[in-house]
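So the chains spell out like this:
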Amino acid sequence: MVDNLQFTMENRERILAVENSFMPSGKPLLAPGRILVGEGRLLKLCRRKPQPKVFFLFNDMLVYGGIVVPGRWYSHQHILRLEELEQENLEDGVGMSNQWLIRTPRKSFHISAASLEEKQAWMEHIERCRLERLKQLGFPAVMKPFATTWIPDAASAVCMRCSEAFNVTQRRHHCRHCGYVVCNSCSKARAVLKHISSKPVRVCRRCKDSLCEQEVSKGTVRKKDSFEEMPEYEESSDEDQEENHTHTAWFNTYREPEPLYCFFNPKHTKPPQL
């Protein structure tokens, strides 16, 4: 009983510390039954290049954000629900060793760890928490459509639809449906991709035609009314300052009836001082 009470108090302090580190823009993280399982720094493949992000694994969600002050302040909080998440193991790539793929309905991206052992630990802990979450909710392991992984800006010097070269005035954009790097002219259309957003998002010309044909074949919309050009609602994500990898640590905290895995960070024993 004493051990359980102590664990509950320590877990609450750790979650509050994480919550405060994202303030004032972050969402509240403390909730009944929520446990902070692990935390660490991983590389996330962003539009221009891999960027360091801080990741927090809870027993019901994965939270990550940009690093402002390491171990103290973070920005651009993103919350991924584990019941909607899927992982895929990947081989090492150029500039991204020990990488794997995270898929969710709204966002899919590559991440990498500092070592193979750390990668395996993250993947195993995420999968274990995901399966426990599905079991708790009584959901079958059936996923919604996943968001397409964006192709990095550096992968193409020209539009992947019209082959127009990019320059200072001809900026790169991404089609939210296929993930291709495209120019503004080839991506003026907007479409509602329900698994990504309830608002229209940028799609390329070819995807617009394909989606339009699908809707027409279903009889849900007239072709001339489909996917008109609209103002862009979704902006590209900001890049955060570059930092180096730091090692992720895990330890066993035994609590009946099974052990829980937690990362202990001395800086998170209490919320940061404002």
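Residues numbered from 1 in each chain as written. Predicted model: local features only at pLDDT ≥ 70, side-chain atom pairs only at ≥ 80, totals over all residues. Heavy atoms only, no water.

Under an unreviewed UniProt entry, the protein chain has the name Pleckstrin homology domain-containing family F member 1 and belongs to Ameiurus melas.

**Side note on the overall build of the protein chain**
Formally: A run of DSSP states H or I qualifies as a helix once it reaches four residues; a run of E qualifies as a strand once it reaches two. Both are numbered from the N-terminal end. Note on classification: 1.4 Å probe, protein chains only; a residue is buried when its accessible area is under 20% of the maximum for its type, exposed when over 50%, partly exposed between these limits. In this description, contact between two residues means that some pair of their heavy atoms is separated by no more than 4.5 Å. For accessible areas, the Shrake-Rupley method is used with a probe of radius 1.4 Å. Any residue's cover is judged against the shown protein chains and nothing else.
Helix and strand content of the protein chain: three helices and 13 strands. Across the 274 residues in the protein chain, those meeting the buried criterion constitute 44%. Looking at the protein chain alone, contacts between residues at least 24 apart form 53% of all its contacts between residues at least 6 apart. Looking at the protein chain as shown, the accessible area adds up to about 15,100 Å², and 52% of this sits on carbon and sulfur atoms.

**Focus on the packing of aromatic side chains**
Heads up, the rule is: Stacked, tilted and edge-to-face pairs are distinguished by plane angle, under 30 degrees for stacked and over 60 for edge-to-face with tilted covering the rest, among Phe, Tyr and Trp rings (Trp via its six-membered ring) whose centres lie within 6.5 Å. As a reminder, the over-ring test applies to NZ of lysine and CZ of arginine, requiring each to be within 6 Å of the ring centre and within 35 degrees of the ring normal.
Under the counting rule described, the total for this entry stands at six aromatic pairs. Relative to Trp-122, the ring of Phe-55 lies with its centre 6.4 Å away and its plane at 75 degrees, an arrangement referred to as edge-to-face. Taken together, the positions of Phe-55 in strand β2 (residues 50–58) and Trp-122 in helix α2 (residues 116–137) put the pair 67 residues apart, joining distant regions of the chain. A relative accessible area of 0% places Phe-55 in the buried class. Taken together, the ring pairs in this structure connect Phe-55, Tyr-64, Phe-109 and Trp-122 into an aromatic cluster. One cation-aromatic arrangement involves Lys-44 over Phe-109; the distance from NZ or CZ to the ring centre is 5.1 Å.

**Some remarks on the environment of Asn-59**
Short version of the rule: What qualifies as a polar contact is a pair of N or O atoms within 3.5 Å, subject to a donor-acceptor requirement within protein and to the restriction that residues adjacent in sequence count only when both atoms come from side chains.
Note on placement: Asn-59 falls in the loop between β2 and β3 (61–69). Considering only alpha carbons, one finds Asn-59 and Gly-38, 21 residues apart in sequence, at a separation of 9.3 Å. Only 3.0 Å separates the side chain of Asn-59 from the backbone oxygen of Gly-33, close enough to count as a polar contact. Of note is the side chain of Asn-59, whose polar atom sits 2.9 Å from the backbone nitrogen of Ile-35.

**Concerning the pattern of salt bridges**
Two side chains that carry opposite charge are able to pair once their charged atoms sit near each other. Using the following cut-off: Salt bridge, as used here: a side-chain nitrogen of Lys or Arg that lies within 4 Å of a carboxyl oxygen of Asp or Glu.
With the rule as written, the count across this model stands at eight salt bridges. In this structure, Arg-81 engages Glu-84 in a salt bridge whose closest nitrogen and oxygen atoms are separated by 2.4 Å. Arg-133 is the salt-bridge partner of Glu-83, the closest N and O atoms lying 3.5 Å from each other. Here the residue Glu-83 occupies a position in the loop between β4 (73–81) and β5 (86–89), and Arg-133 occupies one in helix α2, the gap between them amounting to 50 residues. The class of Glu-83 is buried, set by a relative accessible area of 11%. By relative accessible area, which is 17% here, Arg-133 ends up buried. Put simply, Arg-81, Glu-83, Glu-84 and Arg-133 are held in one network by salt bridges that share partners.

**So, the environment of Arg-34**
Tracing the sequence through the fold places Arg-34 in the loop between α1 (2–21) and β1 (36–45). Residues Arg-34 and Arg-12, 22 residues apart in the sequence, show an inter-C-alpha distance of 8.8 Å. Not counting the four nearest positions on each side in its chain, Arg-34 is found in contact with Asn-11, Ile-15, Leu-29, Phe-58, Asn-59, Asp-60 and Met-61.

**Brief notes about the pairing of strand β7 (residues 108–112)**
Test applied: By the convention used here, strands pair only if DSSP detects at least 2 bridges between them.
The buried fraction of β7 amounts to five of the five residues, a majority that puts the element mostly inside the structure. What you see with β7 is no split at all: Ser-108, His-110 and Ser-112 on one side and Phe-109 and Ile-111 on the other are buried throughout. Here two bridges tie β1 to β7, and the two strands are oriented antiparallel to one another. When the sheet's bridge partners are listed, Lys-44 is paired in β7 with Ile-111. As paired elements, strand β6 (residues 99–103) and β7 share five bridges and run antiparallel to each other. Across the sheet, the residue bridging to Ile-102 is Phe-109, located in β7. Where β6 hands over to β7, the hairpin turn is made up of four residues, counted between the paired strands.

**Structural notes on the nonpolar core**
Soluble globular proteins tend to bury their nonpolar side chains together. This is how it is decided: Nine residue types can take part in a nonpolar core, namely buried Ala, Val, Leu, Ile, Met, Phe, Trp, Tyr and Cys, and a core is a set of them joined through side-chain atoms within 4.5 Å.
With 20 residues, the main nonpolar core has Phe-55, Leu-57, Leu-62, Trp-100 and Trp-122 as its most contacted residues. At the level of elements, β1, β2, β3, β6, β7 and α2 are the ones that each hand at least two residues to this core. Grouped together as the second largest cluster of nonpolar side chains are 18 residues, Val-181, Cys-183, Cys-204 and Cys-207 included.

**Notes on the side chain of His-174**
Secondary-structure assignment places His-174 in strand β8 (residues 173–174). Once you skip the residues sitting within four places of it in the chain, His-174 turns out to touch Arg-47, Trp-150, Ile-151, Asp-153, Gly-179, Tyr-180, Val-181, Val-182 and Arg-202.

**Brief notes about the sheet that holds β6**
Threshold: Helix axes are fitted to C-alpha atoms over the stretch in contact, other axes to C-alpha atoms as well, and angles between N-to-C directions run from 0 to 180 degrees.
Ordered by their spatial adjacency, seven strands build an open sheet running β4-β3-β2-β1-β7-β6-β5, and the pairing between neighbours is antiparallel. Since the sheet does not close on itself, it has two edges, and those belong to β4 and β5, each with one partner. Taking the axes of each pair of neighbouring strands and ignoring which way they run, one obtains an average angle of 35 degrees across the sheet. The pairing of β2 with β3 spans five bridges and is antiparallel.

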